Amino acid sequence: MDNDKNRPGYRLALFATLLAVVVVLLGAYTRLTHAGLGCPDWPGCYGFIGVPQSEAQLAHAEANFPHAPVEAEKGWNEMVHRYFAGTLGLLILGLAVHALRRRGQDGQPLKLPLLLLGVVIAQAAFGMWTVTLQLWPQVVTAHLLGGFTTLSLLLLLCLRLSNAYPPLELPARLRRWAVLGLALVIGQIALGGWVSSNYAAVACVDLPTCHGQWWPAMDFANGFHLTQHIGPNYLGGQLDSDARTAIHMTHRLGALAVTLVLLGLAWQLRGAGLPRLAGLLLAALCLQVGLGISNVIFHLPLPVAVAHNGGGALLLLVLVSVNYRVRSPAVSVEASSAREMAGSGGSRAELAPTAMTPHGK
Ligand code: HEM
């Protein structure tokens, strides 16, 4: 098995992962500058490949989209996000083609790149619906989750291709903590997307209380009415104050739960001889909580809000790495056996759990 980072496809996967980080941040920037509807159509912008500029283009835009006057800056924010996302889509297509060509070769994942391709195609559709359904919060949140999923799967592909971290023999309890931590972080990211897409960031401006109360008036039924109808335009939000307060407070309580579980996970990692991973987890958690609190205290400054989105992505990537690092050797053996039984040519060497060092790093 190629046992290093020269494996074909690794560099492309790494580049795609870095690009995905940029695309996620650009997406947050687009939304936070209220540029999500900077181009009222998709995939073009007022029917053009760029934002209309010449007199003729502007006249064409006005005639065809009378309810959406051209705002060049917002249009460019949206289009730059689309160009970068489009490039990422092509790279992922390249990774899938590459995996198909090398299928059956040692250590070459196939299902993962194909899954990535499926996710990125779905992401393009959600990007389109974000515009055509006028920032419907359900779609905006799903689009955010899709972006984070793409990023996580790309990191996983890099880890698989690099072949750098063989499974370790670790207590099953640690794996359960890692899975719980990952599940809670995913839930908290979904809640964060719900906060931002419903414009509930400044529903509470004091902290730790909200409107001076520990348990302010909240309307959970409307705040989490997931089948709400598709309204005319969700820019700026449609919910009343109590519903937004419910969403905001749920994200705060979610942060508390995430913090407690990740502290426990860091403790377990340290006990299992993985102190660097524990330190990385704690650093990502502190950064994210600090940015979240700054969002509230400083009333959502643009750089902090974008950084909080990036911090959420970083925390998720750390959790994906932790789960990969503590995966069970038995799972790897099973996966290899399955590949071999399917006749895809997995080697005998793959069947042996490579390095089951009790406290390896
Ligand atoms: C503990 C882990 C946390 C995670 C993983 C997390 C994740 C996220 C994510 C992914 C978003 C959506 C960002 C976007 O759409 O661009 C968000 C929004 C937000 N979060 Fe957090 N968050 C965490 C903690 C906190 C804390 C402790 C607070 C404050 C007490 C907070 C306050 C906010 C606010 C105000 C928003 C809305 C920002 C906006 O409208 O862009 N978060 N969070």
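Everything that follows concerns the structure shown earlier in this document.
Right, let's walk through the structure included here. (Residues numbered from 1 in each chain as written. Predicted model: local features only at pLDDT ≥ 70, side-chain atom pairs only at ≥ 80, totals over all residues.)

Regarding the overall build of the chain
So, point 1. Along its length, the chain carries 12 helices and zero strands.
So, point 2. Scored against the burial criterion, the 361 residues of the chain give a buried share of 38%.
So, point 3. Here the contacts in the chain between residues at least 6 apart in sequence split such that 78% fall between residues at least 24 apart. (Helix = DSSP H or I, 4+ residues; strand = E, 2+ residues; numbered from the N terminus. Buried ≥ 20, exposed ≤ 12 C-beta atoms within 10 Å, placed from the backbone. Contact = placed C-beta atoms within 7 Å.)

Concerning the packing of helix α5 (residues 137-162) against helix α10 (residues 302-325)
So, point 1. Across the interface, α5 lies against α10 with an axial gap of 10 Å and an inter-helix angle of 40 degrees. With respect to α10, the axis of α5 lies oblique. Handedness of the crossing formed by α5 with α10: right-handed. Across the interface between the two elements, Phe148, Leu151, Ser152, Leu155, Leu156 and Leu159 of α5 pack against Ala313, Leu316, Leu317, Val320 and Tyr324 of α10. (Axes fitted to C-alpha atoms, helices over the stretch in contact; angles between N-to-C directions. Parallel < 35°, antiparallel > 145°, perpendicular 65-115°, else oblique. Left-handed = near helix turned anticlockwise from the far one by under 90°.)

Regarding the site of the ligand
So, point 1. Close to the ligand lie 29 residues, the nearest being Gly192, Ser196, Gly292, Asn309 and Gly312.
So, point 2. Those elements giving two or more residues to the shell around the ligand turn out to be α1 (10-32), α6 (172-197), α8 (241-271), α9 (275-297) and α10.
So, point 3. If one sorts the elements of the shell around the ligand by residue count, α6 sits on top with seven residues.
So, point 4. A per-class count over the shell around the ligand returns 16 nonpolar, 12 polar and one charged. (Near = placed C-beta within 6 Å. Nonpolar A, V, L, I, M, F, W, Y, C, P; charged D, E, K, R; others polar.)

Observations concerning unusual backbone geometry
So, point 1. Of the consecutive residues tryptophan 42 and proline 43, the connecting peptide bond is found in the cis state with omega at 5 degrees.
So, point 2. Position of proline 43 among the secondary structure elements: in the loop between α1 and α2 (55-64).
So, point 3. Between leucine 207 and proline 208 the backbone carries a cis peptide bond, its omega angle lying at 10 degrees.
So, point 4. Locating proline 208 in the fold gives a position in the loop between α6 and α7 (220-223).
So, point 5. Look at histidine 34: it is not a glycine, yet its phi comes out positive at around 55 degrees.
So, point 6. Looking at the secondary structure, you find histidine 34 in the loop between α1 and α2.
So, point 7. With 15 C-beta atoms packed within 10 Å, histidine 34 lands in the partly exposed category.
So, point 8. In this structure, histidine 211 is a non-glycine residue whose phi angle is positive, near 55 degrees.

Concerning the environment of asparagine 323
So, point 1. One can find asparagine 323 in helix α10.
So, point 2. Residue asparagine 323 is classed as partly exposed on the basis of its 16 C-beta neighbours within 10 Å.
So, point 3. Taking C-alpha positions, asparagine 323 is 9.5 Å from leucine 174, a pair spaced 149 residues apart along the chain.
So, point 4. Apart from residues no more than four positions distant in its own chain, asparagine 323 is found in contact with Ala178, Val179 and Leu182.

Remarks on the packing of α5 against α6
So, point 1. Taken N-terminus to C-terminus, the directions of α5 and α6 make an angle of 140 degrees; their axes are 9 Å apart at the nearest point. Overall, the two elements α5 and α6 adopt an arrangement that is oblique. Viewed along their axes, α5 and α6 form a crossing whose handedness is right-handed. Taken together, the residues of α6 that come into contact with α5 (itself represented by Pro137, Val140, Thr141, Leu144, Leu145 and Phe148) are Ile189, Ala190, Gly193, Trp194 and Ser197.

Observations concerning α1
So, point 1. If you check α1, its first and last C-alpha atoms are 33 Å apart, about what 23 residues at 1.5 Å a residue would give, namely 33 Å.
So, point 2. Here α1 has its buried residues at Ala13, Ala16, Thr17, Ala20, Val23, Val24, Leu26, Gly27, Ala28, Thr30, Arg31 and Leu32.
So, point 3. One or two positions beyond α1, positive phi appears at histidine 34, with a value near 55 degrees. (Expected span 1.5 Å × (residues − 1).)

Details of the environment of proline 216
So, point 1. Along the polypeptide, proline 216 turns up in the loop between α6 and α7.
So, point 2. Owing to 18 C-beta atoms within 10 Å, proline 216 belongs among the partly exposed residues under this scheme.
So, point 3. Residues proline 216 and cysteine 204 lie 12 residues apart in sequence; the distance between their C-alpha atoms is 9.5 Å.
So, point 4. If sequence neighbours within four positions are ignored, proline 216 has contacts with Cys210, His211 and Thr245.

Things to note about the environment of leucine 180
So, point 1. Position of leucine 180 relative to the elements: it lies in helix α6.
So, point 2. Residues leucine 180 and leucine 319, 139 residues apart in the sequence, show an inter-C-alpha distance of 9.9 Å.

Structural notes on the nonpolar core
Considering soluble globular proteins, one finds that nonpolar side chains tend to be buried as a cluster.
So, point 1. Leu154, Leu269, Leu281 and Leu316 are the most contacted members of the largest nonpolar core, which has 63 residues in total.
So, point 2. Contributing elements (two or more residues each) for this core: α1, α3 (72-101), α4 (111-132), α5, α6, α8, α9 and α10.
So, point 3. Counting residues per element, this core draws most heavily on α5, at 13 residues.
So, point 4. Once residues lying within four places of it in the same chain are set aside, the contact partners of leucine 154 are Ala13, Ala16, Thr17, Ala20 and Leu116. (Core = buried A, V, L, I, M, F, W, Y, C linked by C-beta atoms within 7 Å.)

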